[in-house]
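If you want the building blocks of each chain, they are given just below.
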Amino acid sequence: MTTSWVTELQDALGADSVLTDPDVTAGYARDQAMLAPAGIPAAVVLPRSTEDVVAVMQVATRHGVPVVPRGAGSGLAGSSNAVDGAITLVMTRMNAVLEVSPADRLAVVQPGVVNKHLRDAVASFGLFYPPDPSSYDWCTIGGNLSTNSGGLCCVKYGVTTDYVMALEVVLADGRVLRTGRRTVKGVAGYDLPRLFVGSEGTLGVITEATLALRPAPKRPVTLAASFGTTAQTGQVVERVVTSGLVPSLLEVMDNTCICAVDDLLKADLDRSAHALLVAQSDTGGAVAVEEIEALAQLCRDAGADFVHTTDDPAEGDLLLQARRMALPALELLGTTLIDDIAVPRSRIADFLDGCDAIAGQRGLTVGVVGHAGDGNMHPTICFDPADDGQRERAFAAFDDICELGLSLGGTITGEHGVGAIKVDWLEREIGPVALDVHRAIKDALDPDGLLNPGKVFRSASVRDLPAVAELSGR
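Residues take numbers from 1 onward in each chain, read along the sequence in its written order. Selection of residues for local features in this predicted model requires a pLDDT of at least 70, selection of side-chain atom pairs for listing and counting requires 80 or more, and totals for whole chains, interfaces and linings are taken over all residues. Just so you know, side-chain values use all the structure's heavy atoms and leave hydrogens and water out.

### Some remarks on the overall build of the protein chain
The helix count covers DSSP runs of H or I at least four residues long, the strand count covers runs of E at least two residues long, and both are numbered beginning at the N terminus. The number of helices and strands found in the protein chain is 16 helices and 19 strands. Based on C-alpha atoms, the radius of gyration is set beside the globule rule, defined as 2.2 Å times the residue count to the power 0.38. Since a compact globule built from 474 residues should have a radius of gyration of about 23 Å, the 22 Å found for the protein chain is in line with a globular shape. With the C-alpha coordinates of the protein chain rotated into their principal frame, the extents come out at 70 × 60 × 40 Å. Evaluated residue by residue, the protein chain yields a buried proportion of 55% over its 474 residues. Total accessible area on the protein chain is roughly 18,900 Å²; 51% of this is exposed by carbon and sulfur atoms. Throughout, exposure labels follow a simple rule: accessible area from a 1.4 Å probe, protein chains only, divided by the maximum for the residue type, with under 20% read as buried, over 50% as exposed, and the rest as partly exposed. In short, Shrake-Rupley with a 1.4 Å probe defines the accessible areas, and a residue's cover is counted only from the protein chains shown.

### Some details on the side chain of Asn 144
If you trace the backbone, Asn 144 turns up in helix H5 (residues 141–147). Using a relative accessible area of 3% as the deciding quantity, one classes Asn 144 as buried. Identification of polar contacts relies on pairs of N or O atoms within 3.5 Å, with a donor-acceptor requirement for protein atoms, meaning one able to donate a hydrogen and the other able to accept it, and with residues adjacent in sequence counted only if both atoms are side-chain atoms. Separated by 3.0 Å, the side chains of Asn 144 and Asn 115 make a polar contact. If we skip the residues at most four places from it in the chain, Asn 144 touches Asn 115, Pro 133, Cys 139, Ser 149 and Thr 160. Working rule for contacts: check all heavy atoms of both residues, and any pair within 4.5 Å makes them a contact.

### Re the nonpolar core
What is meant by a nonpolar core is a set of buried Ala, Val, Leu, Ile, Met, Phe, Trp, Tyr and Cys residues, joined one to another through side-chain atoms within 4.5 Å. Counting residues in hydrophobic clusters, the biggest one holds 57 residues, and the most contacted among them are Phe 351 and Ile 381. Element by element, the count of residues in this core is highest for helix H14 (residues 388–407), at 7 residues. Core analysis: the next-biggest nonpolar cluster, separate from the first, contains 29 residues, Leu 106, Ala 107, Leu 167 and Val 197 among them.

### Remarks on the pattern of salt bridges
In the sections that follow, a salt bridge refers to a side-chain nitrogen of Lys or Arg positioned within 4 Å of a carboxyl oxygen of Asp or Glu. In total, this model carries 21 salt bridges according to the counting rule given. Of the charged contacts, one joins Arg 323 and Glu 251 as a salt bridge, the two residues approaching to 2.6 Å between their closest N and O atoms. Taken together, the residues span a long stretch of sequence, with Arg 323 in helix H11 (residues 313–324) and Glu 251 in strand S13 (residues 249–254) at a distance of 72 residues. The same class applies to Arg 323 as to Glu 251, namely buried.

### A few points about a nonpolar patch on the surface
Patch membership requires over 30% relative accessible area and the absence of a salt bridge. Like charges are linked within 9 Å, and nonpolar side chains (Val, Leu, Ile, Met, Phe, Trp, Tyr) within 5 Å. There is a patch of nonpolar side chains on the surface, built from Val 433, Val 437 and Ile 441 and spanning about 250 Å² of accessible area. With respect to the element layout, Val 433 can be found in helix H15 (residues 423–445).

### Comments concerning the pairing of strand S12 (residues 221–227)
Burial within S12 is extensive, with 7 of its 7 residues counted as buried. The side-chain alternation of S12 yields two buried faces, one formed by Val 221, Leu 223, Ala 225 and Phe 227 and the other by Thr 222, Ala 224 and Ser 226. For two strands to be treated as a pair, DSSP must find at least two bridges joining them. Relative to strand S14 (residues 275–281), S12 runs antiparallel, the two being bridged by 7 bridges. Paired with Thr 222 across the strands is Gln 280, a residue of S14.

### With respect to the sheet that holds strand S2 (residues 43–45)
The mixed open sheet is built from 4 strands, whose spatial order is S1-S2-S4-S3. Here the strands that pair on one side only, and so sit at the sheet edges, are strand S1 (18–19) and strand S3 (67–70). Relative to S2, S1 runs antiparallel, the two sharing 2 bridges. Pairing of Leu 19 across the sheet is with Val 44, part of S2.

### A look at the sheet that holds strand S5 (residues 97–101)
One open sheet accounts for 5 strands, arranged S5-S6-S10-S8-S9; its pairing is antiparallel. Since the sheet does not close on itself, it has two edges, and those belong to S5 and strand S9 (176–180), each with one partner. Neighbouring strand axes in the sheet, compared pairwise and without regard to direction, differ in orientation by 10° on average. Sheet topology note: the strand S6 (residues 106–109)/strand S10 (residues 205–212) ladder contains 4 bridges and is antiparallel. Counterpart to Val 109 in the pairing with S10 is Ala 209. Here an axis means a line fitted to C-alpha atoms, over the contact stretch when the element is a helix, while the angle between two N-to-C directions is reported on a 0 to 180 degree scale. Strand contacts of helix H3 (residues 50–63): strand S8 (164–170), S9 and S10, with the helix running at about 45° to S8, the strand carrying the most contacts.

This is the structure:
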């Protein structure tokens, strides 16, 4: 039987924008964190405008129906996983680049714009949108904003929030908040855009973003270097920081990842290497050559087994392909449980060694790939989910890795978000006072607890919602 709120949504948005067929809605139940818990939405709604989103939130508020905002579903923490009986609000039809202003060096976009499409749209103006998650060719800007995504070039350019100038957000009760500005500077009032960026859809639904752009990068110069020990690798990363070098990219792969990628690509990688660093400079010309040569010398001084540099973009792309294919290569080894830990750059070697020890203790394969330039690591646990013992050990290893990250002065997530899979770990990291502040903000903006319940933390106002308790557990 069609419920009254579904009929109201169909009347407001049109029947083709409100999907209720269980065979269809099940396809929107989860993101790429395949082991994060998920329910089945009662309806999947695909708005085409801010007005549509307003209508959805007004109907949801009247009837007390939870709403889970969702982009392309590329997330890795279960942030957009469905809640039983709720609305999953899919923003992919709102996919317009509304404006590109070269004079103000900004773009205005809807949340369904794919990251790469924005890059392509501004490239013709000689401009560049830097944040580049590994899924940049299909993830959406709205999802990037929701989780404050990073990517390979964070070491030089920072993360998504560093490019947010203004937002349009539909609040839980349907009011439209416009916050931020188009000016380069501005400190009038609280910095509300940064409050919504990274909030994982728990405070409002982002319907428009004004984003800062940068001048297009120059022709890159690329480096690859292999090392016999993690200590050598960590030494290079530290010396890059202390020497004042700022490469546009500095990535690391451990031996497990090197071998997995070599098996997949047949790339003749050094399978005996304990770690591989890949770096780039996009400053262009002689300056880029000089920067990469300085980094190459740091690698040689640290005792690198192999150092190679190139100013050929095609060859550079091949070297980067090895890094970008690390996770797909690990997926061939079994189901993957991907972690997202950031540690101080001075502790990267300790973290790599710690993950290797955890793999041995738990009897599992753990490959580590990550953004060495900012300390954001992605340990990936490979296992057979049909084997109850392996599954149990995989989740135990996941917890071990989170504990290791915190013990090294790190954080439980550098760019994927807390989502549904790290709710308990957030409280351990931030402590009870910070958690109370989170809950106070949530209750002020979403007093009925309708927006993405059970994600990020357990808000007191949503504990009695159906499926929330189950969603927050494993």
